[in-house]
Amino acid sequence: MPIDDLTALGQKMREARKKKDLTQQELSDLNHVSVKQIANIEKGKMNPSYLILKALAKVLPVSLDTLINPDVPSEDEGANQMKMLYCSCPSEMRETLLHHTQETAKELTELSEKFDTN
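Each value, and the rule that gives it
- Residues numbered from 1 in each chain as written.
- Predicted model: local features only at pLDDT ≥ 70, side-chain atom pairs only at ≥ 80, totals over all residues.
- Heavy atoms only, no water.
- Helix = DSSP H or I, 4+ residues; strand = E, 2+ residues; numbered from the N terminus.
- Buried < 20%, exposed > 50% of the residue type's maximum accessible area, 1.4 Å probe, protein only.
- Areas by Shrake-Rupley, 256 points an atom, 1.4 Å probe, with all protein chains shown as cover.
- Axes fitted to C-alpha atoms, helices over the stretch in contact; angles between N-to-C directions.
- Parallel < 35°, antiparallel > 145°, perpendicular 65-115°, else oblique.
- Contact = heavy atoms within 4.5 Å.
- Nonpolar A, V, L, I, M, F, W, Y, C, P; charged D, E, K, R; others polar.
- Core = buried A, V, L, I, M, F, W, Y, C linked by side-chain atoms within 4.5 Å.
- Phe/Tyr/Trp six-rings, centres within 6.5 Å; stacked < 30°, edge-to-face > 60°.
- Lys NZ or Arg CZ within 6 Å of the ring centre and 35° of its normal.
- Arc of directions from axis to C-beta.
- Salt bridge = Lys/Arg side-chain N within 4 Å of Asp/Glu carboxyl O.

A. Structural context of the overall build of the protein. A tally of regular secondary structure across the protein gives seven helices and zero strands. Helices and strands appear in the protein in the N-to-C order α-α-α-α-α-α-α. Of all 118 residues assigned to the protein, the portion counted as buried reaches 28%. Of the accessible surface of the protein, which amounts to about 8,100 Å², a share of 55% is contributed by carbon and sulfur atoms.

This is how it looks when you write it as structure tokens:
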């Protein structure tokens, strides 16, 4: 990754870690990536491997797409978060999550249409 991309990756990771209210040590404890590695990634001094990124993204509320593509539009970010929720859900509960999400989307669409006609 070019240096600018590493800096952007580090900033995204730091923002996600702070959003979850974790210290670097707590993040390290949760995913078994050393504190030094986390600090170096956040400073843009380290190009992390796919496995490290995957481990960090699993703990942080952020997708791999968001970490490695700093120019992801905010509307795509929501889709990435929805995908993360689905993937992090136990496989036996995914159908339930999908059903409830579909029902919620339907209700929101109906509400939106109701307000648009008034």
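B. Looking closely at the packing of helix α2 (residues 24-31) against helix α4 (residues 50-59). Close contact between α2 and α4 brings their axes to 10 Å; oriented N to C, the two are set at 110°. The orientation of α2 with respect to α4, classified from their angle, is roughly perpendicular. Facing α2, whose interface residues are Leu27, Leu30 and Asn31, α4 presents Ala55, Leu56 and Val59. For the contact of α2 with α4, the class distribution of residues is five nonpolar, one polar and no charged.

C. Structural context of the nonpolar core. Among the nonpolar cores identified, the biggest contains 18 residues, and Met13, Leu27, Ile41, Leu56, Leu60 and Leu67 are the most heavily contacted of them. For this core, the secondary-structure elements that each account for two or more residues are α1 (3-19), α3 (35-42) and α4. When residues of this core are assigned to their parent elements, the largest contribution, five residues, is made by α4. In contact with leucine 56, other than residues within four places in its own chain, are Met13, Leu27, Asn31, Ile38 and Ile41.

D. A look at the packing of aromatic side chains. Within this structure, the stated rule accounts for zero aromatic pairs. For arginine 94, the ring lying beneath its charged end belongs to tyrosine 86, and the centroid distance is 5.2 Å.

E. Highlighting α3. Listed as buried for α3 are Ile38, Ala39, Ile41 and Glu42. Here the buried residues of α3 occupy an arc of 165° about the axis, which is enough to place them on one side. Glycine 44 lies just past α3 and shows a positive phi near 75°.

F. Spatial organisation of the pattern of salt bridges. Throughout the structure, instances matching the rule amount to two salt bridges. The shortest N-O distance in the salt bridge between arginine 14 and glutamate 42 comes to 3.6 Å. Of this pair, arginine 14 sits in helix α1 while glutamate 42 sits in helix α3; the two residues are 28 residues apart in sequence, bridging distant segments of the chain. Overall, arginine 14 belongs to the partly exposed group, its relative accessible area being 28%. What makes glutamate 42 buried here is its relative accessible area of 3%. Arginine 17 serves as the salt-bridge partner of glutamate 42, at 2.6 Å between the closest nitrogen and oxygen. Of this pair, glutamate 42 sits in helix α3 while arginine 17 sits in helix α1, and the two are 25 residues apart along the sequence.

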